[in-house]
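# Examining the three-dimensional arrangement
Residues per chain, in single letters:
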Amino acid sequence: MAEFIAPPCDGIIEVLYQDEHLLLINKPTGLLSLSGKNPLNKDSVHYRLVQDHPSATLVHRLDFGTSGIMLVALNKVVNGLLTKQFQQRTITKSYTAVLYGDLLNDCGDIELPIAKDSDHFPLMKICHDSGKPAHSQYQVIERHQQGLSTRVTFTPITGRTHQLRLHSQQIGHPILGCDLYHNEHSQQMSSRLMLHANGLSFTHPMTEQRINAVCPSPF
């Protein structure tokens, strides 16, 4: 697979919340979370944020095509405390996605272990031998376009790379616009990846208040 060079991203990073410890931002689609090794892939969420916040570090990432809420630490102590919350799975996230086709059930669980596909980088694969446990839950929000697509809310219980995109494909309903995990129609049905991180709930590491951040889907 040829090296990925990100096209220029005109989308802006919207700051949803800010204090001395952390930022909550809305990442645009088509922007890398971290800069790549290739200088042509310098533009990223991290690259842009450190211009104004030199100590900013990303506690987690969103895929290039995914938009929505990201949590950013503004110092090492906060980064460590938030990372621990991710590891202990006390941070909950929800995503809006538009999937190909008409899902049979109104809700469901997808539990399929995920491993790196070393023969087809950057793809991940389902592997029951070497894969790490991966668990996604979905709830149908709306069925539209004569059964051509279904809008769902995803709640990932684990946070594996490409988890929602791969799990969607595996149940026969890939996310529209996904370039890596698609069928013969789904990629062409949208000019962007129809996946948006719309909710994130965590405990503020300094105030110990529970924060429930919401960022409505742009599609």
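So, here is what we can say about the structure in this document. (Residues numbered from 1 in each chain as written. Predicted model: local features only at pLDDT ≥ 70, side-chain atom pairs only at ≥ 80, totals over all residues. Heavy atoms only, no water.)

## With respect to the overall build of the chain
A tally of regular secondary structure across the chain gives three helices and 12 strands. Taken against the 2.2 N^0.38 rule, which gives 17 Å for 219 residues, the C-alpha radius of gyration of the chain at 17 Å falls within 12% of a compact globule. If you line up the chain on its principal axes, its C-alpha atoms span 45 × 40 × 40 Å. The proportion of buried residues among the 219 residues of the chain is 49%. In the chain, of all internal contacts separated by at least 6 residues, the share reaching a separation of at least 24 is 59%. For the chain, the computed accessible surface area is about 11,700 Å², with 51% contributed by carbon and sulfur atoms. Computed over 18 positive and 19 negative side-chain charges, the inter-centroid distance for the chain is 6 Å. (Helix = DSSP H or I, 4+ residues; strand = E, 2+ residues; numbered from the N terminus. Rg over C-alpha atoms; globule rule 2.2 N^0.38 Å. Buried < 20%, exposed > 50% of the residue type's maximum accessible area, 1.4 Å probe, protein only. Contact = heavy atoms within 4.5 Å. Areas by Shrake-Rupley, 256 points an atom, 1.4 Å probe, with all protein chains shown as cover. Lys, Arg positive; Asp, Glu negative; His and termini not counted. Charge placed at Lys NZ, Arg CZ, Asp CG, Glu CD.)

## What to know about helix H2 (residues 76–87)
For H2, spanning 12 residues, the distance from its first C-alpha to its last is 16 Å, which sits close to the expected 16 Å at 1.5 Å a residue. Looking at H2, one finds that the buried residues are Val78, Asn79, Leu82 and Gln85. End-on, the buried residues of H2 take up no more than an arc of 120 degrees, which puts them together on one face. The exposed set on the far side of H2, more than 90 degrees from its buried face, consists of Lys76, Val77 and Gln87. Among the structural elements, strand E2 (22–27), strand E3 (57–58), strand E4 (67–73), strand E11 (195–203) and strand E12 (210–214) are those in contact with the buried residues of H2. (Expected span 1.5 Å × (residues − 1). Arc of directions from axis to C-beta.)

## Focus: the side chain of histidine 53
You can see histidine 53 is positioned in the loop between helix H1 (45–52) and E3. Using a relative accessible area of 17% as the deciding quantity, one classes histidine 53 as buried. With near-sequence residues (within four places) excluded, histidine 53 lies in contact with Gln18, Leu23 and Leu74.

## Some remarks on the environment of proline 174
Mapped onto the secondary structure, proline 174 falls in the loop between helix H3 (163–170) and E11. For the pair proline 174 and histidine 135, spaced 39 residues apart in sequence, the C-alpha separation works out to 16 Å. When sequence neighbours within four positions are dropped, the list of residues in contact with proline 174 reads Val98, Leu99, Tyr100, Ser168, Gln169, Tyr181, His182, Asn183 and Ser186.

## With respect to the nonpolar core
Judged by nonpolar contacts, the single largest core of 39 residues is most densely connected at Ile25, Val45, Leu49 and Phe154. At the level of elements, E2, H1, E4, strand E5 (92–100), strand E9 (135–144), strand E10 (149–156), H3 and E11 are the ones that each hand at least two residues to this core. Per-element tally for this core: the top contributor is E5, with four residues. Those residues in contact with leucine 49 that sit more than four places away from it in its chain are Ile13, Leu23, Ile25, Ala56, Leu58 and Val72. Ranked by size, the runner-up nonpolar core spans 14 residues in total, among them Leu22, Val59, Ala213 and Cys215. (Core = buried A, V, L, I, M, F, W, Y, C linked by side-chain atoms within 4.5 Å.)

## Overview of a nonpolar patch on the surface
The grouping of Val77, Leu81 and Met206 at the surface amounts to a nonpolar patch, some 250 Å² of accessible area in total. Within the secondary structure, valine 77 is located in helix H2. (Patch = residues over 30% accessible without salt bridge, like charges linked within 9 Å, V, L, I, M, F, W, Y side chains within 5 Å. Salt bridge = Lys/Arg side-chain N within 4 Å of Asp/Glu carboxyl O.)

## Topic: the packing of aromatic side chains
Here a ring pair, both rings aromatic, is described through the centre-centre distance and the interplanar angle of the planes. A full pass over the atoms with the stated rule returns one aromatic pair. With centroids separated by 4.9 Å and ring planes inclined at 75 degrees, the aromatic side chains of phenylalanine 4 and phenylalanine 64 adopt a geometry described as edge-to-face. Placement of phenylalanine 4 in the segment before strand E1 (14–18) and of phenylalanine 64 in the loop between E3 and E4 is noted, with a sequence separation of 60 residues between them. On the accessibility criterion, phenylalanine 4 (40% relative accessible area) is partly exposed. By relative accessible area, which is 24% here, phenylalanine 64 ends up partly exposed. (Phe/Tyr/Trp six-rings, centres within 6.5 Å; stacked < 30°, edge-to-face > 60°.)

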